[in-house]
Amino acid sequence: MSSTQCKNLVVLGATGSIGDNTMDIISRHPHRFKVFAISGHSNINKLVSLCQKFSPKYVVVSNSSLYKQLLSLINTAGIKTKVLVGKQELINICQQPEVDMVIAGIVGSAGMEPVLASVKAGKDLLLANKEALVLAGELVMQAARENNANIIPLDSEHNAIYQCLPDDYIVGHTPNDLDKIILTASGGPFWDRDQSTFAQITPDQACAHPNWDMGRKISVDSATMMNKGLEIIEAHWLFKLDEAKIDVHVHPQSIIHSMVCYKDGSVLAQLGEPDMRIPISYGLGLRDRITSGANLIDLIKVGKLQFFPPNYQKFPCIALAREAIKIGGTAMAILNAVNEVSVDAFLNKQISFSAIANINQQIMQQADITAIESVQQLIALDDEIRHLTEQEIKKKVSIHA
Ligand code: NAD
Ligand code: MG
């Protein structure tokens, strides 16, 4: 699978945390990778400096109100990169024949169509954007099978599982000789905090992750442990496993990134510093191990590795995700949409931390769950659930005002 030929890359979400780590690795291997295109939503100054440094052929800004400003900055700086705007351009770029790999680093359902487009065009997809898979896993995996697209998980847990599976393992198939997998979870900043104080948690406290430095949405998801729920769904699609085959162990040191338990009793684990450049470099290398800039772990300094069962009562979002897999159909898409809106409302200080799980639960109970038919249906459903959740939040805010 691996090859040292120079690869043309599209980096979606190049201005975010996954983007930063990806661009750092790319800059260490100028003969191995060429940046064909980058995208970002609103940080146009960062897009300009990335264009200056990596000279991509295209830069795509998804927020259309910033197009003219970006164009003028690029022209003034004398940069040759062509400026494009909007989701359709993003989709087109991912499907260009020159493109070898797409790195999916957009946060949320906004990344779903570019992910699907990349897979349909048979590109190697390096997937960080877990929401795309939670929303449209059935369609993405089907398109990957039909178009022989290789998906490589970048999420550290799924990448760890991928590293512990044989080199010829292809994502989307149930691995041979497997008993179960164990996803590790740091537990987030509040796993040992008294639940009765959850309502007082502020966005900044929720975003201060003990081990990982990430974007704000995934940081809040880690704090509610919805992140682990989304990751169970992600693993369900990537490794074609029932949710009962996907265990979760809270491992506060974040050194073991996940484990594969085989039928003979062997357990294979991947260990390393909590540094996203490790899983991203394994993806970029297509299983070749290339330098990533990460430090080698000092296990004597770490001293102890601990494991605890998750507290489903304190963090009900994990159970919601398990339930959504069991129900199937659009249940996972609904959970993803309500969660994106409730997290956003918490970050904007409209609702309390504990309200996130409550609203997620409430909308899951209210919504009609059907079979998945098409991507258009999922886009419409995503919109509908977002609207419904926003209405519910408005009602709650007005009651408490
Ligand atoms: P981030 O907020 O730092 O960056 C998000 C990126 O998406 C930015 O480039 C932003 O411009 C872009 N974006 C935001 N809204 C957009 C929209 N509407 N349309 C197009 N682009 C948009 O987030 P992140 O931490 O880099 O996470 C990105 C994805 O990777 C998430 O799905 C997250 O769950 C996953 N992930 C992140 C980490 C991590 O360490 N940061 C680890 C595992 C998985
Ligand atoms: Mg993860």
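Residues numbered from 1 in each chain as written. Chains lettered and ligands numbered in written order. Predicted model: local features only at pLDDT ≥ 70, side-chain atom pairs only at ≥ 80, totals over all residues. Heavy atoms only, no water.

What the 7 strands build is an open sheet, ordered β4-β3-β2-β1-β5-β6-β7; its pairing is parallel. A single partner strand is all that each edge strand has here, and the edge strands are β4 (82-85) and β7 (151-153). Mean inter-strand twist for the sheet, computed between neighbouring axes without regard to direction, equals 20 degrees. Bridge analysis of strand β1 (residues 7-12) against strand β5 (residues 101-104) gives 4 bridges, and the strand direction is parallel. Bridge pairing links Val-11 to Ile-103 in β5. The sheet strands contacting helix α2 (residues 44-54) are β2 (33-40) and β3 (58-61), and the helix crosses β2 at an angle near 170 degrees. (Pairing = 2+ DSSP bridges. Helix = DSSP H or I, 4+ residues; strand = E, 2+ residues; numbered from the N terminus. Axes fitted to C-alpha atoms, helices over the stretch in contact; angles between N-to-C directions. Contact = heavy atoms within 4.5 Å.)

Neighbouring ligand 1 are 22 residues, the closest being Thr-15, Ile-18, His-41, Glu-131 and Gly-215. Measuring from an oxygen atom of ligand 1, one finds a backbone N or O atom of Ile-18 at 2.9 Å. Ser-62 has a polar side-chain atom sitting 3.4 Å from a nitrogen atom of ligand 1. Relative to its unbound accessible surface of 820 Å², ligand 1 loses 85% to contact with the protein. Of all the secondary-structure elements, those providing two or more residues to the shell around ligand 1 are α1 (17-28) and α6 (130-146). Split by residue class, the shell around ligand 1 holds 9 nonpolar, 10 polar and 3 charged. Built from parts of two domains, the shell around ligand 1 gets at least three residues from each of domain 1 (7-153) and domain 2 (155-313). (Near = heavy atom within 4 Å. Polar contact = N/O pair within 3.5 Å; in protein donor to acceptor, adjacent residues only side chain to side chain. Areas by Shrake-Rupley, 256 points an atom, 1.4 Å probe, with all protein chains shown as cover. Nonpolar A, V, L, I, M, F, W, Y, C, P; charged D, E, K, R; others polar. Domains from an automatic or database assignment.)

Summarising burial for helix α9 (residues 216-224): 7 of the 9 residues are buried, a large majority. Lining the buried residues of α9 we find α6, α8 (203-207), α10 (226-238), α13 (316-327), α14 (331-347) and α15 (353-366). One or two positions beyond α9, positive phi appears at Met-225, with a value near 65 degrees. (Buried < 20%, exposed > 50% of the residue type's maximum accessible area, 1.4 Å probe, protein only.)

A word on the sheet that holds strand β11 (residues 267-271). The sheet built from 4 strands is open, its strands ordered β9-β8-β10-β11 with mixed pairing. Strands with a single pairing partner mark the edges of an open sheet, and in this sheet they are β9 (246-250) and β11. Across the sheet, the mean angle from the axis of one strand to that of its neighbour is 20 degrees, orientation sign disregarded. Across 5 bridges, strand β8 (residues 178-185) lies against β9 in parallel orientation. Considered in β9, the bridge of Ile-182 is made with Asp-247.

In this section: the domain arrangement of the protein. By a frequent convention, interface size equals the accessible area lost on bringing the separate parts together. By domain assignment, the protein separates into domain 1 (7-153) and domain 2 (155-313). The C-alpha-based centres of domain 1 and domain 2 are spaced at 24 Å. Tallying the contact residues gives 30 residues for domain 1 and 33 residues for domain 2. Across the domain 1 to domain 2 interface the summed buried area is about 2700 Å²; carbon plus sulfur atoms make up 70%. When the area that domain 1 buries against domain 2 is broken down by residue, the three leading residues are Ile-25, Lys-130 and Pro-153, summing to 25%. The tally of links from domain 1 across to domain 2 stands at 5 salt bridges. Between Lys-130 and Glu-231 there is a salt bridge, with its nearest N and O atoms 2.9 Å apart. In this assembly, domain 1 and domain 2 are joined by 9 residue pairs in polar contact (both at pLDDT 80 or more). Of all the secondary structure elements, the ones that give two or more residues to the side of domain 1 that touches domain 2 are β1, α1, β5, β6 (124-127), α6 and β7. It is α1 that contributes the most residues to the side of domain 1 that touches domain 2, 8 residues altogether. (Buried area = accessible area lost by both parts, 1.4 Å probe. Salt bridge = Lys/Arg side-chain N within 4 Å of Asp/Glu carboxyl O.)

Our next topic: the packing of aromatic side chains. Considering all chains together, one arrives at 9 aromatic pairs under this definition. Consider the rings of Phe-36 and Tyr-58, whose centres lie 5.5 Å apart with planes at 65 degrees: the pair is edge-to-face. Taken together, the residues span a long stretch of sequence, with Phe-36 in strand β2 and Tyr-58 in strand β3 at a distance of 22 residues. Among the residues examined, Phe-36 registers a relative accessible area of 5% and is labelled buried. One cation-aromatic arrangement involves Arg-287 over Tyr-162; the distance from NZ or CZ to the ring centre is 3.8 Å. (Phe/Tyr/Trp six-rings, centres within 6.5 Å; stacked < 30°, edge-to-face > 60°. Lys NZ or Arg CZ within 6 Å of the ring centre and 35° of its normal.)

This paragraph deals with a nonpolar patch on the surface. There is a patch of nonpolar side chains on the surface, built from Leu-271, Leu-299, Leu-305 and Phe-307 and spanning about 310 Å² of accessible area. Secondary-structure assignment places Phe-307 in the loop between α12 (299-302) and α13. (Patch = residues over 30% accessible without salt bridge, like charges linked within 9 Å, V, L, I, M, F, W, Y side chains within 5 Å.)

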